[in-house]
Amino acid sequence: QVRLAESGGGLVQPGGPLTLSCAASAIIVITYIMGWYRQAPWQQRELVADISSDGSPYYGESMEGPFTISRDNAKNTIALRMIRLQPGDTAVYYCAAARDGRIQYWGQGIQVTVSS
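Residues numbered from 1 in each chain as written. Predicted model: local features only at pLDDT ≥ 70, side-chain atom pairs only at ≥ 80, totals over all residues. Heavy atoms only, no water.

1. Brief notes about the overall build of the protein chain
Rules: Strands here are runs of E lasting at least two residues and helices are runs of H or I lasting at least four, both read from the DSSP assignment and numbered beginning at the N terminus. Our radius of gyration is a C-alpha quantity, and the globule rule it is checked against amounts to 2.2 Å times the number of residues to the power 0.38. For the exposure calls, accessible area comes from a 1.4 Å probe over protein chains only, and a residue counts as buried if that area is under 20% of its type's maximum, exposed if over 50%, partly exposed in between. Note on definitions: a residue-residue contact is assigned when non-hydrogen atoms from the two residues lie within 4.5 Å. Using the Shrake-Rupley algorithm and a 1.4 Å probe, accessible areas are obtained, with residue cover drawn only from the displayed protein chains.
Along the backbone of the protein chain there are 0 helices and 11 strands. Starting at the N terminus and walking to the C terminus, you meet the elements of the protein chain as β-β-β-β-β-β-β-β-β-β-β. Relative to the globule expectation of 13 Å for 116 residues, the C-alpha radius of gyration of the protein chain, 13 Å, shows essentially globular dimensions. Seen through its C-alpha atoms, the protein chain measures out along the principal axes to roughly 40 × 25 × 25 Å. A burial count over the protein chain gives 42% of its 116 residues as buried. Put simply, 52% of the contacts in the protein chain that link residues at least 6 apart link residues at least 24 apart. When the accessible area of the protein chain is evaluated, it comes to approximately 6400 Å², of which 48% is carbon and sulfur surface.

Right under this line is the structure:
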């Protein structure tokens, strides 16, 4: 059974950093386009970043800079390093695995709250 398990979320002060991790089970992350999405209250889910099989990252609009996606092939995980977080970054963050042009698996999501 495929499982994408996010970890590392929580409460962070404005301007602070946070790193999310996603551990994959029953799939090999290097064979998928692995990505991070987020959904703020009353807003559509949006792409933060994804990373292709060859390791090339792609960032959503205005995401590059404050966000960095990476992959650890040995651990079968991906990570999202976030810096200079602002209240507008408050959202549920989801890990996703895509292939053949569509997302095939989603994680359950993890809350990130940016507040003083």
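2. As for the state of the cysteines
Which entries qualify depends on this criterion: Disulfides are defined as pairs of cysteine sulfur atoms found within 2.5 Å of each other.
Summed over all chains, the structure comprises 1 disulfide. Shown here is the disulfide that connects C22 with C95, its sulfur atoms set 2.1 Å apart. Across the S-S bond linking C22 and C95, the dihedral sits near -80°, which makes this disulfide left-handed. Taken together, the residues span a long stretch of sequence, with C22 in strand β3 (residues 18-25) and C95 in strand β9 (residues 91-99) at a distance of 73 residues.

3. A short note on the side chain of D89
Here D89 shows up in the loop between β8 (77-82) and β9. Using a relative accessible area of 11% as the deciding quantity, one classes D89 as buried. Contacts of D89, omitting those with residues within four sequence positions, involve R38, F67, R84, V112 and V114.

4. Some details on the nonpolar core
Where a protein is soluble and globular, its nonpolar side chains tend to be buried together. Note the cut-off: We call a set of buried residues a nonpolar core when its members are Ala, Val, Leu, Ile, Met, Phe, Trp, Tyr or Cys and they connect through side-chain atoms within 4.5 Å of each other.
Within the largest apolar cluster, 30 residues are counted, with the highest numbers of intra-cluster contacts made by L20, M34, W36, L80, M82 and Y93. Elements that contribute at least two residues to this core include exactly β3, β4 (33-39), β5 (46-51), β7 (67-72), β8, β9 and β11 (110-114).

5. Focus on the pattern of salt bridges
Spelled out, the test is: Basic side-chain nitrogens of Lys or Arg form a salt bridge, by our definition, when they fall within 4 Å of a carboxyl oxygen of Asp or Glu.
Scanning the entire structure with this criterion turns up 2 salt bridges. The partner of D89 in a salt bridge is R38, and the shortest N-O contact between them spans 2.9 Å. Of this pair, D89 sits in the loop between β8 and β9 while R38 sits in strand β4, and the two are 51 residues apart along the sequence. Each member of the pair, D89 as well as R38, is classed as buried.

6. Regarding the packing of aromatic side chains
Applicable threshold: Classification of ring pairs uses Phe, Tyr and Trp, with its six-membered ring standing for Trp, and accepts pairs whose centres are within 6.5 Å; under 30 degrees between planes counts as stacked, over 60 as edge-to-face, and the remaining range as tilted.
Counted according to the given criterion, the structure contains 3 aromatic pairs. Look at Y37 and W106: their rings are 5.1 Å apart centre to centre, the planes differ by 70°, and that puts the pair in the edge-to-face class. Here Y37 is found in strand β4, whereas its partner W106 is found in strand β10 (residues 102-106), with 69 residues between them in sequence. For W106, a relative accessible area of 39% puts it in the partly exposed group. Consider the rings of Y94 and W106, whose centres lie 6.1 Å apart with planes at 85°: the pair is edge-to-face. Taken together, the residues Y94 in strand β9 and W106 in strand β10 connect sequence positions 12 residues apart.

The values reported here are purely geometric and, on their own, carry no functional implication.
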